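Single-letter residue listing:
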Amino acid sequence: MSKSFSGGIHPAYNKAMTAEIPIADMPLPDKVRLPLSQHIGAPCKPLVAKGDTVAMGQKIADSDSFVSAPIHASVAGEVVLVDDQAIEIKTDKEKSRFSGAAQSYNNQGELRQIIREAGIVGLGGATFPTHVKVTPPEGVTIHTFMINGAECEPFLTTDHRVMLEQGQEMIAGSKLLMEACGAEKTIIGIEKNKPDAIEHMSKLIADEPAFAVTGVQVKYPQGWEKQLIKSLVGQEVPDKGLPLDLGIVMNNVATAVAVHRAVEYGEPLLNRVVTVSGSGINKPQNVRAPLGTSVADLVEFCGGLKPEAAKIIDGGPMMGRALSTLDTPITKGTSGILVFNRDEVHLFSEDPCIRCASCVDACPSRLLPNYLALYVKREMLDEAEEINLMSCIECGCCSYVCPSKIPLVHYFQRGKQEINARNRNQ
Amino acid sequence: MTDKFVVGPSPHVLGPKTVKSVMWEVVIALAPVSIAGILLFGLDALLVLVTATVTAMILEALVLHRNLKPASILGDGSAAVSGLILGLILPPSTPLWMVVIAAAVGILLGKHAFGGLGNNIFNPALVARAFVFMSWPVAMTTWHGPLSLSDWTTRVSVDVASSASPLGGAQHGLMEMFLGQTAGSIGETSALAILLGAIFLIVRGHIDWRAPLGYVGSAAVVAAIYSFLGGDFALTTIAWQLMAGGLLFAAVFMITDMVTSPVTKTGRLLFGIGCGLITMVIRLYLSAPEGVTYGILFMNAMVPLIDRYTVPKVFGEVKSR
Amino acid sequence: MFGKELIRGIYTENPVFRLLFGLCPALAVTTAADTGLGMGLATTTVLLGSNLVVSLLKNVIPPAVRIPSFIVIIATFVTLVGMTMEAFFYPMFEALGIFIPLIVVNCLILGRAEAFASKNTLGRSLVDAIVMGIGFTISLGLLGAVREILGSGSILGFQLVPGTVDMALVFALPPGAFISLGLMLAALNYIAIRRKEA
Amino acid sequence: MKAALRMIFVLGLIAAVAGGALAGVNAWTAPIIEENTATRLQETLASVLDADEFELQEDTEQTLWHGYRNGELMGYVVRLRVGSYSPAGIDTLVGLDTEGNVQGVFIFGHSETPGLGDKIEEKWFLEQFIGLGIGDDIARGVDVDGITGATVSANAVMTAVRNSVRFVGEYAGLIDEPGIINLADVPDGTYTGTARGFIDNIVVEVTIEDGKLVSVVVIEENETASYAGPVYDQLPQAMVDEQKIDVDIVSGSTGTSQGLINAVKDALAQFATGDIEIDQLAGGIYRGEALGYDGKIVVEAEIVDGQLVAVTVLEHNDTPGIGGVAFETMIERLLAAQTLDVDAVSGATHSSQGLLDALKDAFRGAPRIEISRMEDGTYFGEAESFGGLLKLKAVVADGQLVSVEVLDHSDTPSYANPAFEEMIEDLLAAQTLDVDLVSGATISSQGLLDALKAALGSAPRLDLSQVPDGTYTGRADSFGGELELEVTVADGVITDITVVSHSDTPDYANPAFEELAETVVDEQDIYVDAVSGATISSRGWLSALEEALRQAVTD
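This structure is a prediction, so every number in the text was calculated from the model and none was measured.

Q: How should I be thinking about the overall build of chain D in this particular structure?
A: Of regular secondary structure, chain D possesses 11 helices and 17 strands. The buried share among the 555 residues of chain D stands at 44%. Long-range pairs, those at least 24 residues apart, make up 50% of the contacts in chain D with a sequence separation of at least 6. Of the roughly 26,400 Å² of accessible surface on chain D, 49% is carried by carbon and sulfur atoms.

Now the structure itself:
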């Protein structure tokens, strides 16, 4: 494993709770709330007004910007609220049937357009619009397409389940994505703690010469795009650059499935698989939930919260966001909803840094987290920038290993915001 | 469902290490050398170790908490580490009042005058040793030979005649030096015990190999060159230099002191090499019998500079040009 | 009036502890109280002489050559003091060594000449020289006393503790000068902060 | 312009007034300062030498005062600076009386480690030197105690005192000239010698060809270049030109000149005394001592049959890890070379030279025989007695002298025989050679003792009288390969020796074998000299002979 990236950590994975359970389809909720910005890029503008009736799969918001993706109604019903944040639809369960037809295309451009119109973004959590990713700039040739099946965040098993249950669709989607970006081969990277997925994938690609499956070391953050590329081909994506610079495009497992469905059935992105897990939930499982479903409905579907539940996390435990309320909708980027009991919630006071360098050793980006935090604390932003604060991927490895329990990532986020704000003002 | 849930920055799971656990594990790693020191030097050694450790812990409690509750005295364990290390690098015959002053200098001047844990530039134990060494050079260079088995059965605290340490010219076999049956500071004589501690620290991931290797390696190279030029090049000479004095102890417990060593990987190696070179130059060419203290203190002052010039290349930087 | 000036020299504008002037001799010759006091007195003498002459000549000396002139005046007084000490106070002369000629570059003296004597009347300049000199002498004597007590257990050569007690030799050595001065500065700053808060 | 002139004028005026003031005060204080200085110097000098008037000497290599009391010369004071840890070194003042004995030592200045090195100023340490003089080593552990924790500083002071004593010794002509060397007696070759120069050792290489001194080359030195340069330029040339070693010294550089001369003498010293050719030495154990790097080195050397068989360092203080290794290496070299003319171990020249000096010292003395350490066997020896050669045989078993038998002597039997009997009885009882001579027959008893010493100083030999009659075969390696011979013994006498087979060059070997057989049968002694021109063959033959007869004894 010498070609793997340096640093990284080995937190407790806690995946067994949900890894064996098939994905459950959730019934449509009474109401969905679809935020206008569910992706990286320009937010969408509503195409409907309050009181309109929409069909399932109807495009309800879009943007003129290239780096953006439209939003579709995940249910049929009546628009009950449109503001600058979101659109809410009251579900008409009778009419909520999606119908579409296979899409045809004649060239890469048309294929990319289909992907864009389906509103597909990176479903691993990064939510970068997929059609942008598969559109290399002038003069750049893509030779390799990669599927990110690492799923290194603890608890999360969505990609794992999707690979097992929708592997065929994923391969089909990968072929489409390969075509869209012009790559000649596909490498599927899967962490070695999912041997069943590796085996299943190997079987599926047995007759596909352009495909390869590679098992990668179990180490967080193996699923981070640049780190996974390093592990798979031994090359480092340039700092502040993109995989494109190496002729590589990488997409998530579920994204490939979504692309397949968009082309094969004309189905835009209406739902996604969410891992609902953690000690505070009664029935941990993977759920295919319509976008816009509230966390409350999702949790209800999974048997509700245990009385000791104290912390709700949108995403994985390393990079996810803590939610203060259950009235939050599931969006395109929601890979998991984790519920932690009170005794698992860390409420440490910050000790002084003892310069133990654990964070330095753990940082997959080879940064010096202790100095970065010090500089941000003392508002020495130039110094922080000089030692590459902006290259931090906020993976949380440093905070995880810190014996002084310093919320390093928190400082970095603050520092980055301040630097961005300052740069904007200049 | 309007419950308020706990919010906080990511990550939401944290590793098991705490400052306390790190410090107390260092204390555990110091157990073999402490035990070896007590076995070799008897009750005197025990008293020095206890005095140094307890004084350091009490002073730390007074400075930080202004009370002497048990929890304050135990604290985060960093004072215990500094105090114990200080005790281990003193001669077993050090008068106890001197030990108290040393511990006070280490904790008050070496640590809290700089702002307490994490802010001290110099290793507190070494500041203390430098202070007492300069204040009472004779007491600090008076060594007593180790106890023999018969000493143990007859009397535990012996009024042994002072004898030379290996660096002071005493001749010992390498095996004697490996086991620690020579005159010297309480924790510095037994290479075996030091290595046991080192193995524990490495296995537990508290120390990195770079600084110790750079230190021992550069010292060995200097010893090799020196003995080569002297015409008596032999592996035993090098092994002798490495096991004499406080070099091995420092390699495992002092240049790996987290607070006062660089955080970058290259930096740790450079730091070790620098400490080794200065230590050997002092040993071989200057009037001080042992260069470990000043070698490391000098390099401690260089740490911010080393860190500054060894900032690692960020992920992907290599390929960017 | 003079009392207020005196407090200024000894405490509020103490050359060593507050203005951090003349730290080189303050660190180097304060191994014992007597050498500290001796250095203080030698410096005071030079200060008195240079302030006197500079104040008298302040209207005669063209501004462009004032620094060279001050230096010549100061150097003259330093040499005079040096020769006199060598003739009549040899042990002190020997103990202070190279630091007597180095009084020339003591920023305290040039500083007072430039900042005070060249702008004030003869009387005020002399008072300034005396209070600053006293402040300097007291500081050096104090530092020397602290180092002598801690380092040798004696004060002005009078043994305070039995000779059999080992005092901390480090205070008689250069590192001890830094440690003592640092601790004394810290103590004075602490007092100053407490006063301001009170 | 006017402003500039004013500046020049004012500055000039200030400078002039300042200069005037300084000149005035200087005129006033200068005499006082001078007088003070003189008084202090006088007091300091008087603290190391009991005198009331000191006179600084001019043109001496080191600062030197003559000290007088009531006009009478009381002694000398030398000021020396020796290197130590601190680059500035240690500045010492040593007072000596006219006999070169130390009267007092004063440390003028030093920058040694406070608390440790500055202990050299302590009274007890400095007082140790008082009374030491030219005949003393003035070295740590010999007649001066060092200081714990300040070895180097203390050694520097010892060096200073030693050099001061030597300097005065040479200056006042107190040091005796070493033995005179006759260049014509020296065999051709290149010899190396060492002697202490002013600062450190000077090592020279002296080449002799046809009994003439052809070159003297300084190969190692550490003297002050400005003093030593002229010495190295002039002295070697003068020696070669004048064909003598005691040439005129270079004035002002006495120490270095004398060092160079002494080094040349040291190189050729063995030919002056003639007693350090190992093969000429009597057998036995020799003990000697000399100064090493740090204190005394005591060695013991064992000579058997003119061969150096063992060298043991009994005592030394030199740096472990440097000195110890050097000794081992030196001993190996000595045993291999069988001469004292071996190279010093680099990096440990002091220790090596110390070892050689100690060996020279040892070999100049008499050997000691320790019976308890002797190998079992029969020993033969001879010595000059009253009437002529006395031969004897001694048997050692289990470290005990079990019998002594006089084989042949020419002394008056009536005196000698009872004396021999008494002596032998005493010897067997005492188990040492340190027994009283028999009164009335001292020369005979001394002869017996000398013969016994010679016997025990050689290797044990075969006792022919114990060989039963018969014919024996013996084999040994010779020049060309194995040699086999047959020896016949009849009535306790070797009657015939025949070489059965050999692979040596017949033209050389055969005549040699014949000659050897003849000699052995004639002299009834199997330990005869090899035939010149066929040494190796002779040795092979003699070994085979001994082997044959030894078998006969053990069979």
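Q: Got a minute to help me understand the interface of chain B and chain A in this structure?
A: Interfaces are often described in size by the accessible area the parts lose on coming together. Taken together, the 43 residues of chain B in the interface contact 63 residues of chain A. Summed over both partners, the interface of chain B with chain A comes to about 4,500 Å²; 63% of that surface belongs to carbon and sulfur atoms. Area buried by chain B at its contact with chain A is led by Phe5(B), His12(B) and Phe315(B), which between them contribute 20% of it. Seen at the junction of chain B and chain A, the total is two salt bridges. For the pair chain B and chain A, the interface holds 19 residue pairs in polar contact (both at pLDDT 80 or more). Looking at the side of chain B that touches chain A, the elements that each hand over two or more residues are helix H1 (19-41), helix H14 (265-285) and helix H15 (292-309) of chain B. Taken together, the residues of the side of chain B that touches chain A break down into 24 nonpolar, 10 polar and nine charged.

Q: Whenever I open this one, a negative patch on the surface confuses me. Can you help?
A: Residues and elements named next belong to chain D. A surface patch of like charges, here negative, comprises Glu421, Glu422, Glu425, Asp426, Asp434 and Asp436. Structurally, glutamate 425 can be placed in helix H8 (residues 413-430). Since its relative accessible area comes to 59%, glutamate 425 is described here as exposed.

Q: Explain the nonpolar core to me, please; I cannot follow it from the model alone.
A: Most often, soluble globular proteins keep nonpolar side chains buried together rather than apart. In terms of nonpolar packing, the biggest core is built from 93 residues, with Leu30(B), Tyr215(B), Phe249(B), Phe253(B), Met254(B) and Ile296(B) touching the most fellow members. In terms of residue count, H1(B) provides more of this core than any other element does, 11 residues in total. Two domains each donate at least three residues to this core, and these are domain 1 (19-206) and domain 2 (208-310) of chain B. Excluding anything up to four places from it in sequence, Leu30(B) contacts Val81(B), Leu84(B), Ile85(B), Leu88(B), Phe249(B) and Phe253(B). Judged by nonpolar contacts, the second largest core, of 57 residues, contains Val32(A), Val48(A), Phe145(A) and Val257(A).

Q: Even after reading the chapter, I still don't get the domain arrangement of chain D, so can you show me in this structure?
A: Entries for chain D in the domain assignment read domain 1 (1-35), domain 2 (53-171), domain 3 (183-271), domain 4 (278-359), domain 5 (371-456) and domain 6 (464-554). Once you take the C-alpha centre of each, domain 2 of chain D and domain 5 of chain D turn out to be 53 Å apart.

Q: Is there a simple way to think about the confidence of the model for chain D in this case?
A: Low pLDDT means the predicted atomic positions in that stretch should not be read closely. Residues and elements named next belong to chain D. Of all residues in chain D, 89% attain a pLDDT of 70 or more, and the chain-wide mean is 79. Per-element averaging of pLDDT across chain D places helix H5 (residues 254-273) at the bottom with 74 and strand S4 (residues 90-97) at the top with 89. Reported confidence for the predicted complex is 0.63 by ipTM and 0.70 by pTM.

Q: What exactly am I supposed to notice about the sheet that holds strand S9 (residues 284-291) of chain D here?
A: To summarise the sheet geometry, strands pair through backbone hydrogen bonds and adopt either a parallel or an antiparallel arrangement. Residues and elements named next belong to chain D. Taken together, the three strands give an open sheet; going across it, the order is S9-S10-S11, and neighbouring strands pair in antiparallel fashion. Bordering the open sheet on either side are S9 and strand S11 (307-315), each of which pairs with just one other strand. Between one strand axis and the next, the sheet turns by 25 degrees as a mean value, whatever way the strands run. Sheet topology note: the strand S10 (residues 296-304)/S11 ladder contains seven bridges and is antiparallel. Looking at the pairing, alanine 301 lines up with valine 311 of S11.

Q: Is there a simple way to explain the environment of Lys31(A) in this structure?
A: Residues and elements named next belong to chain A. Structurally, lysine 31 can be placed in strand S2 (residues 31-35). Sequence separation between lysine 31 and glutamate 169 is 138 residues, and the spatial gap between their C-alpha atoms is 29 Å. When near neighbours in sequence (up to four residues on either side) are disregarded, lysine 31 contacts Glu88, Ile89, Lys90, Thr91, Gly292 and Asp297.

Q: For this particular structure, what's the right way to read the arrangement of the chains?
A: Considering every one of the four pairs of chains in contact, the largest contact total is recorded for chains A and B. At the level of C-alpha atoms, the two units chain A and chain C stay apart, their nearest approach being 23 Å. A gap remains between chain A and chain D, which never touch, and the nearest two C-alpha atoms on either side lie 35 Å apart.

Q: Explain the pattern of salt bridges to me, please; I cannot follow it from the model alone.
A: Side chains that differ in charge, positive against negative, can pair when their charged atoms come close. Tallied over the full model, the rule gives 43 salt bridges over all chains. Put simply, Lys123(D) and Glu127(D) hold a salt bridge, and the shortest N to O gap is 4.0 Å. Of the two residues, Lys123(D) and Glu127(D) both sit in helix H2 (residues 123-127), four residues apart, roughly one turn of that helix. With a closest N to O distance of 3.3 Å, Glu484(D) and Arg475(D) form a salt bridge. Connected through shared salt-bridge partners, Glu5(C), Arg8(C), Glu13(C), Arg112(C) and Asp128(C) make up one network.

Q: Help me out: how do you make sense of the side chain of Ser358(A) in this one?
A: Structurally, the position occupied by Ser358(A) is in helix H10 (residues 358-362). When neighbours within four sequence positions are excluded, Ser358(A) is seen to be in contact with Val401(A), Pro403(A) and Lys17(B).

Q: Just checking my understanding: could you explain the sheet that holds strand S10 (residues 185-191) of chain A for this structure?
A: All names here are of chain A. The parallel open sheet is built from four strands, whose spatial order is S11-S10-S9-S12. This sheet does not close on itself; its edge strands, each paired only once, are strand S11 (211-216) and strand S12 (248-252). Each neighbouring strand pair of the sheet contributes to a mean axis angle of 25 degrees, computed without reference to strand direction. This element, helix H8 (residues 253-265), spans strand S9 (144-149) and S12 of the sheet and lies at about 85 degrees to S12.

Q: When you look at the packing of aromatic side chains in this model, what are you seeing that I'm missing?
A: In this description, an aromatic ring pair is defined by two values, namely the gap between the centres and the angle between the planes. Here the structure, examined in full by the defined rule, presents 11 aromatic pairs over all chains. Aromatic pair Phe131(B) and Phe171(C): ring centres 5.6 Å apart, planes at 75 degrees, arrangement edge-to-face. On the criterion of chain membership, the pair formed by Phe131(B) in helix H6 (residues 124-135) and Phe171(C) in the loop between strand S2 (158-159) and helix H8 (174-197) is interchain, its members lying in two chains. Here Phe131(B) matches Phe171(C) in class, with each residue buried. Three or more aromatic residues link up through ring pairs in this structure, and these residues are Trp124(D), Phe125(D) and Phe129(D).

Q: When you look at the environment of Thr151(D) in this model, what are you seeing that I'm missing?
A: Residues and elements named next belong to chain D. The topology assignment puts threonine 151 in helix H3 (residues 151-171). For threonine 151, a relative accessible area of 28% puts it in the partly exposed group. Sequence spacing of threonine 151 and arginine 373 is 222 residues, and the spatial spacing of their C-alpha atoms is 38 Å.

Q: Please clarify how the packing of helix H11 (residues 210-229) of chain B against H14(B) should be interpreted in this entry.
A: A pair of packed helices is captured by two measures, namely the crossing angle of their axes and the spacing between those axes. All names here are of chain B. For the pair H11 and H14, the least separation of the axes is 7 Å and the interaxial angle reads 35 degrees. In the crossing of H11 with H14, the sense of the turn from one axis to the other is right-handed. Note on element contacts: H14 touches H11 through Lys265, Arg268, Leu269, Gly272, Ile273, Cys275, Gly276, Leu277, Thr279, Met280, Leu284 and Tyr285, opposite Arg210, Ala211, Gly214, Tyr215, Ser218, Ala219, Val222, Ala223 and Tyr226. Taken together, the residues that form the contact of H11 with H14 break down as 13 nonpolar, five polar and three charged.

Q: Please explain the pairing of strand S12 (residues 377-384) of chain D as it appears in this structure.
A: A regular strand places its side chains so that they alternate between the two faces of the sheet. Residue and element names in this part refer to chain D. The pairing of S12 with strand S13 (residues 389-397) spans eight bridges and is antiparallel. In the strand pairing of S13, phenylalanine 380 is matched with lysine 393. Connecting S12 to the next strand, S13, in antiparallel fashion are four residues, including glycine 388 with a positive phi near 155 degrees.

Q: How do you make sense of the side chain of Asn341(A) when you look at a structure like this?
A: Residue and element names in this part refer to chain A. In this fold, asparagine 341 is placed in strand S17 (residues 336-341). Residue asparagine 341 is classed as buried on the basis of its relative accessible area, which comes to 10%. When neighbours within four sequence positions are excluded, asparagine 341 is seen to be in contact with Ser279, Gly280, Glu308, Ala309 and Ala310.

Q: Honestly, unusual backbone geometry in this entry has me stumped. Any pointers?
A: One can expect most non-glycine residues to show negative phi and most peptide bonds to be in trans. All names here are of chain A. Omega for the peptide link from tyrosine 220 to proline 221 comes to 0 degrees, which places this bond in the cis form. Notably, phenylalanine 155 is not glycine yet its phi reads approximately 75 degrees, a positive angle. Within the secondary structure, phenylalanine 155 sits in the loop between S9 and helix H4 (158-165). Classification of phenylalanine 155 by relative accessible area gives buried; the value is 5%. Of note in this structure, glutamate 379 is not a glycine but carries a positive phi near 60 degrees. Among the secondary structure elements, glutamate 379 is positioned in the loop between helix H11 (369-377) and helix H12 (381-386). Under the relative-accessibility criterion, glutamate 379 is labelled exposed at 54%.

Q: Could you clarify how one ought to interpret H14(B) in this entry?
A: Note: α-helices contain 3.6 residues per turn, so residues at a spacing of three or four share the same orientation. Look at H14(B): 30 Å from first C-alpha to last across 21 residues, which is about the 30 Å you get at 1.5 Å a residue. Contacts from the buried residues of H14(B) go to H10 of chain A together with H11, helix H12 (235-243), helix H13 (247-254) and H15 of chain B. The N-cap of H14(B), judged by a side-chain oxygen 2.9 Å from the amide nitrogen of Gly267(B) a few residues on, is Thr264(B).

The rules behind these values
Residues numbered from 1 in each chain as written. Chains lettered and ligands numbered in written order. Predicted model: local features only at pLDDT ≥ 70, side-chain atom pairs only at ≥ 80, totals over all residues. Heavy atoms only, no water. Helix = DSSP H or I, 4+ residues; strand = E, 2+ residues; numbered from the N terminus. Buried < 20%, exposed > 50% of the residue type's maximum accessible area, 1.4 Å probe, protein only. Contact = heavy atoms within 4.5 Å. Areas by Shrake-Rupley, 256 points an atom, 1.4 Å probe, with all protein chains shown as cover. Buried area = accessible area lost by both parts, 1.4 Å probe. Salt bridge = Lys/Arg side-chain N within 4 Å of Asp/Glu carboxyl O. Polar contact = N/O pair within 3.5 Å; in protein donor to acceptor, adjacent residues only side chain to side chain. Nonpolar A, V, L, I, M, F, W, Y, C, P; charged D, E, K, R; others polar. Patch = residues over 30% accessible without salt bridge, like charges linked within 9 Å, V, L, I, M, F, W, Y side chains within 5 Å. Lys, Arg positive; Asp, Glu negative; His and termini not counted. Charge placed at Lys NZ, Arg CZ, Asp CG, Glu CD. Core = buried A, V, L, I, M, F, W, Y, C linked by side-chain atoms within 4.5 Å. Domains from an automatic or database assignment. pLDDT = per-residue confidence, 0-100. Pairing = 2+ DSSP bridges. Axes fitted to C-alpha atoms, helices over the stretch in contact; angles between N-to-C directions. Phe/Tyr/Trp six-rings, centres within 6.5 Å; stacked < 30°, edge-to-face > 60°. Left-handed = near helix turned anticlockwise from the far one by under 90°. Expected span 1.5 Å × (residues − 1).

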